[in-house]
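# A closer look at the structure
Letter by letter, the chains look like this.
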Amino acid sequence: MRHSCMLLLCWQSDISGAPNTPGLSQYDIYNLVICCSQARIFNETPINPRRCLHILTKIIYLLNQGEHFGTTEATEAFFAMTRLFQSNDQTLRRMCYLTIKEMANISEDVIIVTSSLTKDMTGKEDVYRGPAIRALCRITDTTMLQAIERYMKQAIVDKVPSVSSSALVSSLHMVRMSYDVVKRWVNEAQEAASSDNIMVQYHALGLLYHLRKNDRLAVSKMLNKFTKSGLKSPFAYCMLIRIASRLLEETEGGHDSPLFDFIESCLRNKHEMVVYEAASAIVHMPNCTARELAPAVSVLQLFCSSPKAALRYAAVRTLNKVAMKHPSAVTACNLDLENLITDSNRSIATLAITTLLKTGSESSVDRLMKQISSFVSEISDEFKVVVVQAISALCQKYPRKHSVMMNFLSNMLRDDGGFEYKRAIVDCIISIIEENPESKETGLAHLCEFIEDCEHTVLATKILHLLGREGPRTPSPSKYIRFIFNRVVLESEAVRAAAVSALAKFGAQNDDLLPSVLVLMQRCMMDSDDEVRDRATFYMNVLQQKQKALNAAYIFNGLSVSVPGLEKSLHQYTLEPSEKPFDMKTVPLATTTVSEQKTELAPVASSKLPEKLAPSRQDIYQEQLAAIPEFQGLGPLFKSSEPVQLTEAETEYVVRCIKHTFASHMVFQFDCTNTLNDQLLQKVVVQMEPSEAYEIVQYVPAASLPYSQPGSCYSLVRLPEDDPTAVSCTFSCTMKYLVRDCDPNTGEPDDDGYDDEYVLEDLEVTVADHIQKVLKPNFAAAWEEVGDEFEKEETFALASVRTLEGNTVNSFKKNCLMGIVIAPDWLYTHSVA
Amino acid sequence: AEVSCTFATDFEPSLYTVKAVLILDNDGNRLLSKYYDTELYPSIKEQKNFEKSVFNKSHKADNEIAFLEGLTIVYKSSVDLFFYVVGSAQENELMLMMVLNCLFDTLSQILRKNVEKRYLLDNLDGVYLVVDEIIDGGIILESDPQQVIQKVNYRVDENPLSEQSVAQVLQSAKEQIKWSILK
């Protein structure tokens, strides 16, 4: 029956067999169907080992190449192969085991080989026992495992090392499937661990750790025993070091513990592998002192001059990690690292350079830069980016060296390289410019030169934007205009548009340049692209007004409103017919997002996708409140505070309050949760008594508060009109409600209820609730724009204004966020004192 | 039962150290590949892409060690063959080198110093057995070439099948099928 099945397959197949990959090997003229057909050779008597071996090899090879076996074909071949167990040829038998493992997932009924394998596993031929165990465990399931448990335990403690290793390793593979069963073999594993064979020690240790790893005490005891007993196996030592580090980390053990001493002693082991493992472990430990690091670092230093590339690589990679946290510890290795810059292995050379850049001293910067410049041209782009990022960090560390760095960076910019590389350099130059006002002119000049011949739109527009921001404030801004205008003439639409915007900024800030800019702008109005024309026309009109306020609003500062909010308001506007023009003031201001300067360097620059604008928390509240009919007509939401707890933890009712500030009102949102499962609350309001001249307009109750389901009620309050600066107020709050007792199990409430109240903590409203952070990208211009009449020097009673601090500190050095404080109709500025 | 290799999180002490072993020819084609970490490149396509990247990175430069796609790769070449051992970026590079050296030295002995494609393919069964004795499911089973040779106990094929021409082999296959139909 089996014969004819295979013959049938043969008829259907293409005997000549199309090759998988032309001219690859003698195996590729076959496909698996032919192999199957040839598998009937297995049924011949006597068995021809060589031919059978050949077929098995072909099957495994073709499987490895990605050929697919149908389940029927696979099962057929599998059955045929079982006959091969009759042969005593060792290699053939071993190959059978291998084939069983390879086909275990694609054949059905693989368990028919179980008895053959079990026989081999417990037989006299030691050569078969190990591999048979491994094959058997590969096809075993949980029920079968219990049946062979006895044999497994015997195998683990067997005197033949390969048998013991095979059993231990297979046990580890099976732990996930049958942890409970394997756990019973822990004693056998313990016994195996005292074997002399270095691999058996290693495998036993691995299994023991895996079985015990959730029991810290057991692990600790095990470590204790093994670190004292002096194992021979370098692999076991590596494993012990890893376990010890892990234990130290978990228990936050101090570095005076015996575990640390053990790891440190491994630095003197005779095997390099162990020494390196120990050094690496020490270096990765948190909270290492310089003294503890020193021996590890000196070992790594030795490795730097090893003839083996793998060792040099390992050493320099680890030193690189040390340099991130403890640059001073690595300075001793600087000379060795410098030698590695010319290493033939580029990975090693790049790692050496970046490490030096992290640990170099100010005096060595010149020399380093020279060494790098010859090296950089030879490495690939991804390494170049890594080097540039390291240079960037160095620039931040030694700002006085900016001219050397700038020179070097501009040379790199002129050379060939991909987008990521050029972008990294541009970012580096820009950060130097921002840090160092002295370097500004040189930096801008280099960037101008770059955009003359830059094929990357993203970079060109970024640089143009920068020129527009920084150029007008330089001593001779006119020299940048030529570069910018050339871009208008020569480049793509996006770049031309950016150039127009940049030009406008020059016109807005420099009165003497204005006439020239207007002439140029006129020409731009004739551009072929509509975006360019629109911008040119727009800026023309604004500039011609010659008003500082207009310039500030439309040229210097971008949108200060939240974009999702703007979208919503515009949409709203289009829905209702109106004669009034759209009023920007109805759009809520943008809540700021602080973009931190990158202090940690990522090893490889990743191109960041533009982040989608998600609606902010404030936008969400705006929407929720707009849905409540009583709150229509309040205008745009100015600010929502963080939630304030009005009850302590573990109370019957948990209440927190969010304060929403509008133009002339405030809405207090009380989120309440009923934690009593035998009560149902209804018509819940929070009654408020103000201490100052606030007027309670209305309460919007929460209809019902069943057990553990939060609900919200609101209070609408009008701000005091006579004195808008008297914004601070304290409200005493009482929650009032109708309570109905209910059955705790079913939640069914009684028919009757009774009124009750619950006193909450006082709620404070302060100046901070009327202050919102606003992003002003061009602080200096905005400062000017405000003009002198608004400048107030006032001493605020900051004691009561706890939350102001973070908002108002500004820093001129980095253009990061600062607070120009805007409250409705008011502009507070704080003099920097 | 699936081999449950737990290539766990970083720095979790574990015996699972080898993620893959590859033998490629000097055009970058796969001759042998074992991926022990089944989550690494689960599909054949991903594996082949990885092999292409690895080959491109290594075949020009004769360096022993490289870093690619978040993995450490140690490698060695001989005549028209390339041998690779792949581990995680945090793995002990010297451990991976030991595996590579064991593999190479064992094969070198078995193939009587002719570590080249022709002889490798002629003795592919021996190569499979060697790899199987060195690494099991990602765990290093044996690191001493002498031990491996003893266990594999393989004799090089004196009359390799490839001496027959391809046409002859095909012809003989056709004949056998014809004859068995007649039986």
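Note that the coordinates shown come from a computational prediction; the quantities given were computed from them, not determined experimentally. (Residues numbered from 1 in each chain as written. Chains lettered and ligands numbered in written order. Predicted model: local features only at pLDDT ≥ 70, side-chain atom pairs only at ≥ 80, totals over all residues. Heavy atoms only, no water.)

### Side note on the overall build of chain B
- Assigned secondary structure in chain B consists of 6 helices and 7 strands.
- Scanning chain B from its N terminus toward the C terminus, one meets helices and strands in the order β-β-α-β-β-β-α-α-α-β-β-α-α.
- Split by element, the accessible area of chain B, about 7900 Å² in all, is 49% carbon and sulfur. (Helix = DSSP H or I, 4+ residues; strand = E, 2+ residues; numbered from the N terminus. Areas by Shrake-Rupley, 256 points an atom, 1.4 Å probe, with all protein chains shown as cover.)

### Here we look at the packing of helix α13 (residues 216–229) of chain A against helix α14 (residues 234–251) of chain A
Residue and element names in this part refer to chain A.
- At a minimum axis distance of 11 Å, the contact between α13 and α14 shows a crossing angle of 140°. By the criterion of interaxial angle, the relationship of α13 to α14 is oblique. Our pair here, α13 against α14, has a crossing hand that is left-handed. In this structure, α13 uses Arg-216, Val-219, Ser-220, Met-222, Leu-223 and Phe-226 to contact α14, whose residues at the interface are Leu-240, Ile-243, Ala-244, Leu-247, Glu-250 and Thr-251.
- Partitioning the contact of α13 with α14 into residue classes produces 8 nonpolar, 2 polar and 2 charged. (Axes fitted to C-alpha atoms, helices over the stretch in contact; angles between N-to-C directions. Parallel < 35°, antiparallel > 145°, perpendicular 65-115°, else oblique. Left-handed = near helix turned anticlockwise from the far one by under 90°. Contact = heavy atoms within 4.5 Å. Nonpolar A, V, L, I, M, F, W, Y, C, P; charged D, E, K, R; others polar.)

### A word on the sheet that holds strand β3 (residues 65–68) of chain B
All names here are of chain B.
- The 5 strands lie next to each other as β2-β1-β5-β4-β3, forming an open sheet whose pairing is antiparallel. Each having just a single partner strand, β2 (30–35) and β3 make up the two edges of the open sheet. The mean angle between the axes of side-by-side strands here comes to 20°, regardless of whether they run parallel or antiparallel.
- The pairing of strand β4 (residues 71–78) with strand β5 (residues 81–88) spans 8 bridges and is antiparallel. For Thr-72, the partnering residue across the bridge sits in β5 and is Gly-87. (Pairing = 2+ DSSP bridges.)

### Description of the environment of B:Arg155
All names here are of chain B.
- Relative to the assigned elements, Arg-155 resides in the loop between α5 (145–152) and α6 (166–182).
- With relative accessibility at 64%, the residue Arg-155 sits in the exposed group.
- Sequence-wise, Arg-155 and Asn-123 are 32 residues apart; in three dimensions their C-alpha atoms are separated by 9.1 Å. (Buried < 20%, exposed > 50% of the residue type's maximum accessible area, 1.4 Å probe, protein only.)

### Observations concerning the nonpolar core
All names here are of chain A.
- Counting residues in each nonpolar core, the largest one holds 246 residues, and the members touching the most others are Leu-117, Ile-263, Leu-357, Ile-391 and Met-521.
- Ignoring any residue separated from it by four or fewer positions in sequence, one finds Ile-263 in contact with Ile-241, Ala-244, Ser-245, Leu-248, Ala-278, Ala-281, Ile-282 and Met-285.
- Tyr-653, Cys-672, Val-684 and Leu-763 belong to the second-largest nonpolar core, a separate cluster that totals 28 residues. (Core = buried A, V, L, I, M, F, W, Y, C linked by side-chain atoms within 4.5 Å.)

### Quick look at empty space enclosed by the protein
Residue and element names in this part refer to chain A.
- Applying the stated criterion across every chain yields a total of 6 cavities of 30 Å³ or more.
- Within this model, the largest cavity holds a volume of roughly 70 Å³.
- Around the largest cavity sit Ser-392, Cys-395, Gln-396, Tyr-398, Pro-399, Lys-401, His-402, Met-405, Ser-431, Ile-432, Glu-435 and Asn-436, which together line it.
- Counting residues per element, the ones that place at least two in the lining of the largest cavity are α23 (381–397), α24 (402–414) and α25 (419–435). (1 Å grid on protein atoms, 1.4 Å probe; cavity = no way out; pocket = protein on both sides within 12 Å on 5 of 7 lines; lining within 4 Å. Points joined across faces, edges and corners; volume = space filled by probe spheres on them.)

### Some points on the confidence of the model for chain B
- The predicted model of chain B has a mean per-residue pLDDT of 84, with 79% of residues at 70 or higher.
- Per-residue pLDDT stays below 50 along residues 162–167 of chain B; that stretch engages in 4 contacts with residues further than four places along the chain or on separate chains. (pLDDT = per-residue confidence, 0-100.)

### Describing helix α28 (residues 478–490) of chain A
- The first and last C-alpha atoms of α28(A) sit 19 Å apart over 13 residues, in line with the 18 Å expected at 1.5 Å per residue.
- Against α26 (440–451), α27 (457–470), α29 (493–509) and α30 (514–524) of chain A lie the buried residues of α28(A). (Expected span 1.5 Å × (residues − 1).)

### Quick word on a negative patch on the surface
- Residues A:Asp678, A:Asp741, A:Asp743, A:Glu748, A:Asp750, A:Asp751 and A:Asp752 make up a contiguous surface patch of negative charge.
- One can find A:Asp743 in the loop between β9 (729–741) and β10 (754–759). (Patch = residues over 30% accessible without salt bridge, like charges linked within 9 Å, V, L, I, M, F, W, Y side chains within 5 Å. Salt bridge = Lys/Arg side-chain N within 4 Å of Asp/Glu carboxyl O. Lys, Arg positive; Asp, Glu negative; His and termini not counted. Charge placed at Lys NZ, Arg CZ, Asp CG, Glu CD.)

### Some details on the state of the cysteines
- All told, the structure shown has 0 disulfides over all chains when counted by the stated rule.
- The structure places no disulfide on A:Cys733, whose sulfur is separated from the nearest cysteine sulfur, that of A:Cys657, by 6.9 Å. (Disulfide = S-S within 2.5 Å.)

### A short note on unusual backbone geometry
Residues and elements named next belong to chain B.
- Positive phi outside glycine occurs at Lys-113, with the angle close to 70°.
- As for its position among the elements, Lys-113 is in the loop between α2 (93–110) and α3 (117–122).
- The phi dihedral of Asn-153 is positive, around 50°, even though this residue is not glycine.
- The residue Asn-153 is located in the loop between α5 and α6 in this model.
- On the basis of relative accessibility, which here comes to 33%, the residue Asn-153 falls in the partly exposed class.

### Some points on the packing of aromatic side chains
Residues and elements named next belong to chain B.
- The tally for this structure, following the rule as stated, stands at 16 aromatic pairs over all chains.
- Aromatic pair Tyr-35 and Tyr-41: ring centres 6.5 Å apart, planes at 85°, arrangement edge-to-face. Comparing Tyr-35 with Tyr-41 shows no difference in burial state: the two are buried.
- Chaining the aromatic ring pairs together yields one cluster made of Phe-55, Tyr-75, Phe-82 and Tyr-84. (Phe/Tyr/Trp six-rings, centres within 6.5 Å; stacked < 30°, edge-to-face > 60°.)

### What about the pairing of strand β1 (residues 20–25) of chain B?
All names here are of chain B.
- With 6 of its 6 residues buried, β1 lies for the most part within the structure.
- The pairing of β1 with β2 spans 5 bridges and is classified as antiparallel. By the bridge assignment for β2, Val-21 is matched with Lys-34.
- Count of turn residues in the β1/β2 antiparallel hairpin: 4 residues, of which Gly-28 carries a positive phi of about 85°.
- Bridge count for β1 against β5 is 6 bridges, and the pairing is antiparallel. Pairing of Leu-22 across the sheet is with Tyr-84, part of β5.

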